[in-house]
Amino acid sequence: MSEIQDYMDWAGITYEKSGHWIWPTDRDSMRVNLNKDYFNRFSTGVWGHLREFIAEHDDLTPVEAKKRLAEFQQANPQSRRVDRSTTVDSQPFDLSALHAERQLSTKCRDYLIKTRKIPTKLVDQLVQQGQIMEDTQHHNLVFPWYQGDKIVGADLQGTTYMKDPHQGRHYFKGIARHSAHDFGWAQVVGEGGAPTRAVICEAPIDAMSYGQLFAPQEPTLIVSLGGVEKTGVFANMVAERIGDHGGKIKELVLATDNDDAGRQFIQQFKDAGIQGNNGRVKVNVAIPHEKDWNDDLKAGQTAQQVISLDQFDNQMSKQSERAVKPVTTSKSPEEVSKESYTDKRRQEIAQYSKQVLAAARKMTRTPEDLLEMTDFMARFPQYSFHNQVLIKEQKAGALAVAGFTKFKQMGAKVQKGQHGIKIFAPNMVKHVKISDDWVPLNQVTNEQKQAAKKHQLLTKEFIKGYRLVTVFDVTQTTMKAADYPKIYPNRPYEFPSKPENIAELTQAVDEFARGQGITIQERTHLNSKSVAKGYYAPDAKAIVIQSGLPDSEKLKVRLHEMGHALLEHRADKVSRPIAELQAELTSAVVMKHCGINVEREAVPYISAWTDHLQKLDERQFGQQMTIINDVNRASRKIIEGIDPRYQELEKSRAQTIVQKAPTLEKPGMEPLDMGIQRQHSLSR
């Protein structure tokens, strides 16, 4: 059992299983590989091991995920305690550990030639090229992954038939230990120079089968998706076999299996905004008649179904319609109706998940787009980044949202004809601690339920799935504008442009920092060689700020460095441009939540560090989503930590000051603009 599965059992996360994959029922696009103990969220491209899984599934900051991981490991000492997030890349791939030789035994040759129907000539050619080897200890086939002349990983294929299938297969299949995460097996077929076509298959035998079936005349690179980062595999193999040799792709063929996983991979290309014909590269989809290309080879299929990527959805829907058969079941109408409802909800959740991705891309193209998004993040700090994107996409001018019942309780009604806003809400299920395990309340005995009711047993609520709910913005209701603040979540700030507001806000930030074990110091001189306004020292967990700055500027520097602290930025874990981007965005969200305009200074700061976001664009979109998700979680933690204390301080001041005649502010007064000049420094 994998450590991720151990955690899911402990946390009460329900999941489904197929072969060596499991997935949470509330996250259809999130798959956990039991053999390699990692997860991949295909809808965003985010992947990792247990700590990353906790952050992504439970919507936690890296620091919070680390604490949750510690809680789990303390309660489950029998579970593996290796922190794979720090060790996964520490051990290089070692081909000698596989006892690999460039000569196949009769057993391995027979498996390829007789069982898989791969031609003898092709097998001999690939063996000679070092593309196929054998693990002489277990008689597994080894398909090496090359980075230049260096082997960085390998697919493993068993050749011994198992009467009782293991994890749904009669033959072992896996990836060698310590293999690179973003490489795979590849071969070049056809005559000529650098390849101009590229074909993506799911496994080496599928790649060989496809090349044999259709034997392209022009030079073609056929890639097998071996590593964890599937899109990274393709990008690296293209660079290795095409880009470095001066070639350019004119056609890309997505030739994955004819099943849900294969179709899901193809859908990622569509979700990324890639078109079938964008004027430079034609992107087509090749669909096997059977489940995969080796099945087509064994069945003697001589033709492939090729369609443009643009037509993929229509073709799949037609196939689904042809596949629909009359329902012949002994289930009751109520059971059938319930299943239909569940399927409908899953489809709806998948639809809105795709909408999040498409919208998030539009909102993160430039520094200006990012800063505009921080306005929305500041307005809705209690929501996840996914929900913030959904709200902004469906109603860009939203001020504060709540459900129909909530507004009704406040004496307001939703206006007729208004369309609701769909967001995700967690299903919270109470668990009871029995020995070292957290057990759902509905699975314990009556005696244990009574003990929990009397607080004799510990109870805790865990997230068990997500559902779509409908909310409305306050502007869609009959509530009067004067009453809007009633619905605003934690908005005690009214443009704190006065010194006392800044002082109280700074005090709240300092107290929050102490609660996180972080000290804040002010010094006259930071470093004679640096023009930085402040910095964070990870080892000492200390924020140091230049003392001569204006109070408003000190506040911003505090929040910037707090972003570094909460996201645990260290030089050996994250690149400097990304660290500065995250810290600046965290500060911007909190400051905007407090009613302080920082865009004038934040945009050039972000542009300078990230080359106008070009250094962010170089990363896969899944990584980009993780970067922004972490910003949202860190800023939310700060806001939730400082809001209550600021309210207390403001209330205390209001009770002690002498009432004075009110003075009118100048019309059109803008939020505080601190006028901070950008510094080319290593930190704020």
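See the structure printed just above.
The structure reproduced in this document is the subject of the present report.

Rules used throughout
Residues numbered from 1 in each chain as written. Predicted model: local features only at pLDDT ≥ 70, side-chain atom pairs only at ≥ 80, totals over all residues. Heavy atoms only, no water. Helix = DSSP H or I, 4+ residues; strand = E, 2+ residues; numbered from the N terminus. Buried < 20%, exposed > 50% of the residue type's maximum accessible area, 1.4 Å probe, protein only. Contact = heavy atoms within 4.5 Å. Areas by Shrake-Rupley, 256 points an atom, 1.4 Å probe, with all protein chains shown as cover. Salt bridge = Lys/Arg side-chain N within 4 Å of Asp/Glu carboxyl O. Core = buried A, V, L, I, M, F, W, Y, C linked by side-chain atoms within 4.5 Å. Phe/Tyr/Trp six-rings, centres within 6.5 Å; stacked < 30°, edge-to-face > 60°. Lys NZ or Arg CZ within 6 Å of the ring centre and 35° of its normal. Axes fitted to C-alpha atoms, helices over the stretch in contact; angles between N-to-C directions. Parallel < 35°, antiparallel > 145°, perpendicular 65-115°, else oblique. Left-handed = near helix turned anticlockwise from the far one by under 90°. Nonpolar A, V, L, I, M, F, W, Y, C, P; charged D, E, K, R; others polar. Pairing = 2+ DSSP bridges.

**Looking at the overall build of the chain**
- Scanning the chain from terminus to terminus reveals 22 helices and 23 strands.
- Residue burial in the chain is summarised as follows: out of 684 residues, 49% are buried.
- When contacts within the chain are restricted to residue pairs at least 6 apart in sequence, those whose partners lie at least 24 apart make up 68%.
- Total accessible area on the chain is roughly 33,800 Å²; 49% of this is exposed by carbon and sulfur atoms.

**Quick word on the pattern of salt bridges**
- A full pass over the atoms with the stated rule returns 22 salt bridges.
- A salt bridge links K291 to D259; the shortest N-O distance between them is 3.5 Å. Here K291, found in the loop between β15 (282-287) and α10 (293-299), pairs with D259, found in the loop between β14 (251-254) and α9 (260-271); they are 32 residues apart in sequence, far enough to count as distant.
- With a relative accessible area of 42%, K291 lands in the partly exposed category.
- Residue E584 pairs with K556 through a salt bridge whose shortest N-O separation is 2.9 Å. In this pair, E584 is assigned in helix α19 (residues 576-593) and K556 in helix α18 (residues 551-566), connecting sequence segments 28 residues apart. By the burial criterion, E584 is buried, and K556 matches it.
- Linked by salt bridges that have partners in common, D510, E522, K554 and R558 make up one network.

**Thoughts on the nonpolar core**
- I391, L555, M562, I638 and I642 are the most contacted members of the largest nonpolar core, which totals 56 residues.
- With 9 residues, the top contributor of residues to this core is helix α22 (residues 621-656).
- What I391 contacts, discounting residues up to four positions off in sequence, is F376, F380, Y383, A396, A398, V401, I421 and I423.
- Among the nonpolar cores identified, the runner-up in size contains 31 residues, and F143, A255, W293 and L297 belong to it.

**Some thoughts on the packing of aromatic side chains**
- Inspection of the entire model under this criterion finds 13 aromatic pairs.
- Here the aromatic cluster, defined as three or more aromatic residues joined through ring pairs, consists of Y7, W10, F39, F53, F72, W438 and F462.
- Sitting above the plane of the W23 ring, R31 keeps its charged end 4.2 Å from the centroid.

**Here we look at the environment of N294**
- Here N294 shows up in helix α10.
- A relative accessible area of 0% places N294 in the buried class.
- A sequence separation of 178 residues divides N294 from R116, and the C-alpha atoms of the two residues are 6.9 Å apart.
- When near neighbours in sequence (up to four residues on either side) are disregarded, N294 contacts R116, I118, I205, D206 and S209.

**Brief notes about the packing of helix α1 (residues 3-11) against helix α2 (residues 50-58)**
- Where α1 contacts α2, the axes come no closer than 9 Å and their chain directions differ by 40 degrees. Relative to α2, α1 is oriented oblique. With respect to the hand of their crossing, α1 and α2 are arranged in right-handed fashion. Contacts between α1 and α2 involve E3, I4, Y7 and M8 from the first element and L50, F53, I54 and D58 from the second.
- Considered class by class, the residues forming the contact of α1 with α2 number 6 nonpolar, no polar and 2 charged.

**Comments concerning the sheet that holds strand β8 (residues 140-147)**
- Pairing within the open sheet is antiparallel, and its 5 strands lie in the order β6-β7-β8-β9-β10. On the outer flanks of this sheet lie β6 (100-101) and β10 (173-175), each paired with one strand and no other.
- Of the strand pairs in this sheet, β6 and strand β7 (residues 133-135) are connected by 2 bridges, and their pairing is antiparallel. Counted as the bridge partner of A100 is D135 from β7.
- Docked against the sheet, helix α5 (residues 106-115) engages β7, β8 and β9 (150-157), running at close to 80 degrees with respect to β8.

**Some details on the sheet that holds strand β21 (residues 519-523)**
- Strand order in the open sheet formed by 3 strands is β21-β23-β22, with mixed pairing between adjacent strands. The strands lining the two open edges of the sheet, one partner per strand, are β21 and β22 (534-537). Averaged over neighbouring strand pairs, the angle between their axes works out to 20 degrees when direction is ignored.
- When β22 meets strand β23 (residues 542-546), the two strands line up antiparallel, connected through 4 bridges. Its bridge partner being in β23, A537 is matched across the sheet by A542.
- Across the sheet, α18 is in contact with β21, β22 and β23; its angle to β23 comes to roughly 155 degrees.

**Structural notes on the pairing of strand β18 (residues 421-434)**
- Here β18 pairs with strand β19 (residues 437-440) via 4 bridges, running antiparallel. From the neighbouring strand, H431 faces β19, where its bridge partner is P440.
- Linkage of β18 to β19, two consecutive antiparallel strands, is achieved through a turn of 2 residues, within which S435 is found at a positive phi near 60 degrees.

**So, the side chain of R558**
- Its location among the elements puts R558 in helix α18.
- Accessibility expressed as a relative area gives 4% for R558, which makes it buried.
- Apart from residues lying up to four places away in sequence, R558 is in contact with T506, V509, D510, I520, E522, I543 and I545.

**A look at the pairing of β8**
- The buried fraction of β8 is high, at 7 of 8 residues.
- Here 3 bridges tie β7 to β8, and the two strands are oriented antiparallel to one another. When the sheet's bridge partners are listed, M133 is paired in β8 with V142.
- If you look at the hairpin formed by β7 and β8, you'll find 4 residues sitting between the two strands, and H139 has a positive phi there, around 55 degrees.

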